[in-house]
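# A closer look at the structure
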Amino acid sequence: LYVYECQWDKDHSPCGMHIEGDQASVTDHLARFHGFTGGEGDTACLWDGCTSKKRAAMKGTSIARHLVTHIGYKIKCTACNVDYARED
């Protein structure tokens, strides 16, 4: 089991809680501890240090997938032995 430190920075103070790095766990953490439920509207990535050009214009439904890239979570394909950020 790997856990990662949450750097969601809503009030100029990164969260600091530890979360699993998969997309489902990130989504659950954002909803439970940050009140973030996503949605189709545009939103900003509040991950401390995010410099993405899409920072202020990202779909709320894409945030958890985007945060997995910050965390560095990887899945190794058993067929080709390559690391990927997502299972799909």
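Okay, so let's go over this structure. Being a predicted model, the structure only gives us computed values, none of them experimental.

## Some details on unusual backbone geometry
The backbone phi angle of His 12 is positive, close to 60 degrees, even though this residue is not glycine. Mapped onto the elements, His 12 comes out in the loop between strand E1 (3-5) and strand E2 (18-20). Phi is positive for Asn 81, which is not a glycine, with a value near 65 degrees. Along the polypeptide, Asn 81 turns up in the loop between strand E5 (75-76) and strand E6 (83-84).

## Comments concerning the environment of Asn 81
Judged by relative accessible area, Asn 81 falls into the exposed class, the value being 53%. Through-space distance from the C-alpha of Asn 81 to that of Thr 51 is 30 Å; in sequence the pair is 30 residues apart.

## So, the packing of aromatic side chains
When we look at a pair of aromatic rings, we describe it by the centre distance and by the angle of the planes. Under the defined criterion, the tally for this structure stands at one aromatic pair. Ring geometry for Trp 8 against Phe 36: centres 5.7 Å apart, planes inclined by 55 degrees, an arrangement best described as tilted. A residue pair is termed long-range when its members are at least 10 positions apart, and Trp 8 in the loop between E1 and E2 and Phe 36 in the loop between helix H1 (23-34) and strand E3 (42-43) qualify at 28 residues.

## Quick look at helix H2 (residues 63-71)
Here H2 has its buried residues at Ile 63, Ala 64, His 66, Leu 67, Val 68 and Ile 71. Residues of H2 that are buried make contact with E1, E2, H1, E3 and strand E4 (58-59). Looking one or two places after H2, you find Gly 72, whose phi comes out positive at around 90 degrees.

## What about the nonpolar core?
Trp 8, Val 26, Leu 30, Cys 45, Trp 47, Ile 63 and Leu 67 are the most contacted members of the largest nonpolar core, which has 16 residues in total. When residues of this core are traced back to their parent elements, those giving at least two are H1 and H2. When residues of this core are assigned to their parent elements, the largest contribution, five residues, is made by H2. Among residues more than four places away in sequence, those in contact with Val 26 are Ile 19, Glu 20, Gly 21, Ala 64, Leu 67, Val 68 and Ile 71.

## Quick word on the side chain of Asp 9
Relative to the assigned elements, Asp 9 resides in the loop between E1 and E2. Taking relative accessible area as the criterion, Asp 9 reaches 18% and is therefore assigned buried. Look past the residues within four positions of Asp 9 in its chain and what remains in contact with it is Pro 14, Leu 46 and Asp 48.

Definitions and cut-offs
- Residues numbered from 1 in each chain as written.
- Predicted model: local features only at pLDDT ≥ 70, side-chain atom pairs only at ≥ 80, totals over all residues.
- Heavy atoms only, no water.
- Helix = DSSP H or I, 4+ residues; strand = E, 2+ residues; numbered from the N terminus.
- Buried < 20%, exposed > 50% of the residue type's maximum accessible area, 1.4 Å probe, protein only.
- Phe/Tyr/Trp six-rings, centres within 6.5 Å; stacked < 30°, edge-to-face > 60°.
- Contact = heavy atoms within 4.5 Å.
- Core = buried A, V, L, I, M, F, W, Y, C linked by side-chain atoms within 4.5 Å.

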